[in-house]
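# Fold and geometry: a report
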Amino acid sequence: MTMSTVLILNGPNLNLLGVREPDIYGHTTLADIEDMCTQSAAEAGLSVRCVQSNHEGELIDAVHAARETTVGAIINAGAYTHTSLALHDALKSYDQPIIEVHLSNPHARESFRHLSYLSPVAAAVIAGAGASGYVHAVEILAEKLRAPTTATN
């Protein structure tokens with residue numbers, strides 16, 4: 001049996017999780033989150049491909065490459081959430097369900113974080129749940145993938 005793969009895409013500065021502003025983002029590292037997602041996905045019969053980059057173009061390239069090889073995506077684009085029309089456009093061309101994740105609640109923070117260019121292309125948004133938000137995203141994505149194909153993202 002071939003496992004279906006989910007892209008887990010993390011943007012700038014998320015490689016510093018666990019040490020950068022732990023009062024906001026917690027002490028869990030990106031490697032810990034990737035392990036949590038791998039385990040949760042396996043329980044749902046899925047595999048994950050994790051990509052982190054501090055470079056917008058690399059994130060866009062990862063989305064393009066995933067178009068034909070993955071069944072869904074989970075994305076925490078970091079600050080690019082609030083600035084990147086290019087990432088929005090790349091995700092718009094991705095015809096699988098997308099779950100947007102934020103460790104903190106952007107609406108409880110600075111006003112520039114209130115706008116997400118990614119939310120309009122996301123099937124769901126999880127914010128403020130910390131590292132467990134990624135696990136919830138895997139669960140939601142797995143549920144969406146089990147739903148009848150007539151359902152939209």
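Cut-offs used in this document
Residues numbered from 1 in each chain as written. Predicted model: local features only at pLDDT ≥ 70, side-chain atom pairs only at ≥ 80, totals over all residues. Heavy atoms only, no water. UniProt positions renumbered as here; feature names shortened; annotations may be inferred. Helix = DSSP H or I, 4+ residues; strand = E, 2+ residues; numbered from the N terminus. Buried < 20%, exposed > 50% of the residue type's maximum accessible area, 1.4 Å probe, protein only. Contact = heavy atoms within 4.5 Å.

On to the UniProt feature "site: Transition state stabilizer" (unreviewed entry) in the protein, then. UniProt tags Arg20 as "site: Transition state stabilizer" (unreviewed entry). Tracing the backbone through its elements, the reader meets arginine 20 in the loop between β1 (4-10) and α1 (22-25). The exposure class of arginine 20 is partly exposed, given its relative accessible area of 26%. With residues up to four places along the chain from it excluded, the contact list for arginine 20 reads Asn13 and Tyr25.

Attention shifts here to the UniProt feature "active site" (unreviewed entry) in the protein. Cross-referencing UniProt, the feature "active site" (unreviewed entry) maps to Tyr25 and His102 in the present numbering. These annotated residues cover 78 residues of sequence, and their C-alpha atoms all fall within 9.3 Å of one another, placing them together at a single site. Considering the arrangement of structural elements, one finds tyrosine 25 in helix α1. Judged by its relative accessible area of 12%, tyrosine 25 is buried.

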